[in-house]
Amino acid sequence: MDIINENQKLLLQIMDNAVEYSTLEQKVIKFRPEEFKFVDILEELKENIRKTAEDKKVVMDYGKISSSLLMETDKTKFLSLLSLFVKFAIQITKENAVYLSASIQETDYCAVRIKDTRGVITPYLLKAFTEIFSADENMSRKNYGFSRFSVKLAKKIIDLLSVRKEIIMKEGEAQEYALLFPLKFVIGDKENMEVESVALQ
């Protein structure tokens, strides 16, 4: 019975990711850039990853996150990518926790960083992230327990939001894996894009 439930959950996840991915493959993609504080999306992020965290018995904890960190981007797409990023870490890690941090980097970027020990990222998780986010499709085909569509969706949003991938190093040792989001809204591929303005509250 448990196996049937697990398969049903995976199938629903694949369907959701496939639908979201197909909307991003349409000729005109709509963007709704808005300004928000990073800390204001943390509750929603926690809710998005809750089921995965419970199933895997992995806790998401926070490292350093500035309460004043302000961003301007498409919030829905940003949250989708962030949720996938954390879910990937939870599903891959062999540890019992993942740690999420966010800070300004190079003045123009928000670096959202993940590690799976209090000190540094484990070599296993680092290797998996490198494979998943590689441009080589064959590299990202290893089955870590989530659908290929979720990887394709993550890569698509990375392109659309002009996100950079980076391994955070210190004294020659990998510390964390990071996604770098522009602090100000930038469209990756300017063709077939439609930007909607969001009225300020």
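Data block above holds the structure.
Rules used in this analysis
Residues numbered from 1 in each chain as written. Predicted model: local features only at pLDDT ≥ 70, side-chain atom pairs only at ≥ 80, totals over all residues. Heavy atoms only, no water. Helix = DSSP H or I, 4+ residues; strand = E, 2+ residues; numbered from the N terminus. Buried < 20%, exposed > 50% of the residue type's maximum accessible area, 1.4 Å probe, protein only. Contact = heavy atoms within 4.5 Å. Areas by Shrake-Rupley, 256 points an atom, 1.4 Å probe, with all protein chains shown as cover. Expected span 1.5 Å × (residues − 1). Polar contact = N/O pair within 3.5 Å; in protein donor to acceptor, adjacent residues only side chain to side chain. Phe/Tyr/Trp six-rings, centres within 6.5 Å; stacked < 30°, edge-to-face > 60°. Lys NZ or Arg CZ within 6 Å of the ring centre and 35° of its normal. Lys, Arg positive; Asp, Glu negative; His and termini not counted. Salt bridge = Lys/Arg side-chain N within 4 Å of Asp/Glu carboxyl O. Core = buried A, V, L, I, M, F, W, Y, C linked by side-chain atoms within 4.5 Å. Pairing = 2+ DSSP bridges. Axes fitted to C-alpha atoms, helices over the stretch in contact; angles between N-to-C directions. Parallel < 35°, antiparallel > 145°, perpendicular 65-115°, else oblique. Left-handed = near helix turned anticlockwise from the far one by under 90°. Nonpolar A, V, L, I, M, F, W, Y, C, P; charged D, E, K, R; others polar.

Break down the overall build of the protein for me, citing the residues and quoting the values.
In terms of helices and strands, the protein carries five helices and nine strands. Of all 201 residues assigned to the protein, the portion counted as buried reaches 45%. For the protein, contacts bridging at least 24 residues in sequence account for 73% of all contacts bridging at least 6. When the accessible surface of the protein is totalled, it reaches about 11,200 Å², and 51% of it is carbon and sulfur.

Describe in detail unusual backbone geometry, supporting the description with residues and values.
Comment: phi is negative for the bulk of residues other than glycine, and the bulk of peptide bonds are trans. Positive phi, normally seen in glycine, also occurs at lysine 57, with a value near 55°. Within the secondary structure, lysine 57 sits in the loop between helix H2 (42–56) and strand E3 (59–65). Its identity as a non-glycine residue notwithstanding, glutamate 171 has a phi of 50°, on the positive side. You can see glutamate 171 is positioned in the loop between strand E7 (164–170) and strand E8 (173–182).

Any chance you could break down helix H3 (residues 75–92) for me, citing the residues and the numbers?
Residues that lie three or four places apart on an α-helix share one face, since the helix turns once every 3.6 residues. With 18 residues, H3 extends 26 Å from end C-alpha to end C-alpha; this agrees with the ideal 26 Å at 1.5 Å per step. Capping of H3 at its N-terminal end is provided by aspartate 74; its side-chain oxygen lies 3.2 Å from the backbone amide nitrogen of threonine 76.

Please set out the packing of aromatic side chains residue by residue, giving values where relevant.
Counted by the stated rule, this structure contains eleven aromatic pairs. Taken together, the aromatic side chains of Phe85, Phe88, Phe129, Phe133 and Tyr177 make up a single cluster linked through ring pairs. The ring of phenylalanine 31 has lysine 77 lying over it, and the distance from NZ or CZ to the ring centre is 4.9 Å. Geometry around tyrosine 124 places lysine 94 over its ring, the cationic atom sitting 4.1 Å from the centre.

Go over the side chain of aspartate 116, please, and point to the residues and values.
By secondary structure assignment, the location of aspartate 116 is in the loop between strand E6 (109–115) and helix H4 (123–132). Buried within the structure, aspartate 116 lacks any salt-bridge partner; lysine 115 is the closest side chain of opposite charge, at an N-O distance of 9.3 Å. Here threonine 93 takes part through its side chain, which lies 2.8 Å from a polar atom of the side chain of aspartate 116. At 2.7 Å, the side chain of aspartate 116 forms a polar contact with the side chain of threonine 122. Once residues lying within four places of it in the same chain are set aside, the contact partners of aspartate 116 are Thr93, Glu95, Ala97, Val98, Tyr99, Ile121, Thr122 and Leu125.

Can you lay out the nonpolar core for me, pointing to particular residues and giving the numbers?
The tendency in soluble globular proteins is for nonpolar side chains to be buried side by side. Grouped together as the largest cluster of nonpolar side chains are 54 residues, with contacts concentrated most on Phe38, Leu45, Val86, Phe88, Phe129, Phe133 and Phe181. Residue contributions to this core peak at eleven residues, all from H3. Judged by nonpolar contacts, the second largest core, of five residues, contains Tyr109, Ala111, Ile168 and Ala178.

Tell me about the pairing of E7, and name the residues and values.
Bridge analysis of E7 against E8 gives seven bridges, and the strand direction is antiparallel. Residue pairing across strands places arginine 164 opposite leucine 180, the latter belonging to E8. The turn joining E7 and E8, which pair antiparallel and follow one another in sequence, is formed by two residues; a positive phi near 50° is taken by glutamate 171.

Got a sec to walk through the pattern of salt bridges? Specific residues and values, please.
For the structure on display, the rule yields ten salt bridges. Of the charged contacts in the structure, one is a salt bridge between aspartate 55 and lysine 51, with a shortest N-O distance of 3.0 Å. On the criterion of helical spacing, the pair formed by aspartate 55 and lysine 51 is a turn pair, its members being four residues apart in helix H2. Relative accessible area serves as the criterion here: at 40%, lysine 51 is assigned to the partly exposed category. Three or more residues joined by partner-sharing salt bridges are found here, namely Glu47, Arg50 and Glu54.

Can you tell me about the packing of H2 against H3, naming the residues and giving the values?
Direction vectors running N to C along H2 and H3 enclose 20°, while the axes themselves pass 9 Å from each other. Looking at the two axes, H2 sits roughly parallel to H3. Two packed elements cross with a definite hand, and for H2 against H3 that hand is right-handed. Within the contact between the two elements, H2 uses Glu44, Leu45, Asn48, Ile49, Thr52, Ala53 and Lys56 and H3 uses Leu79, Leu82, Ser83, Val86, Lys87, Ile90 and Gln91. A per-class count over the contact of H2 with H3 returns seven nonpolar, four polar and three charged.

Take it as geometry only, folks, not as evidence of what the structure does.
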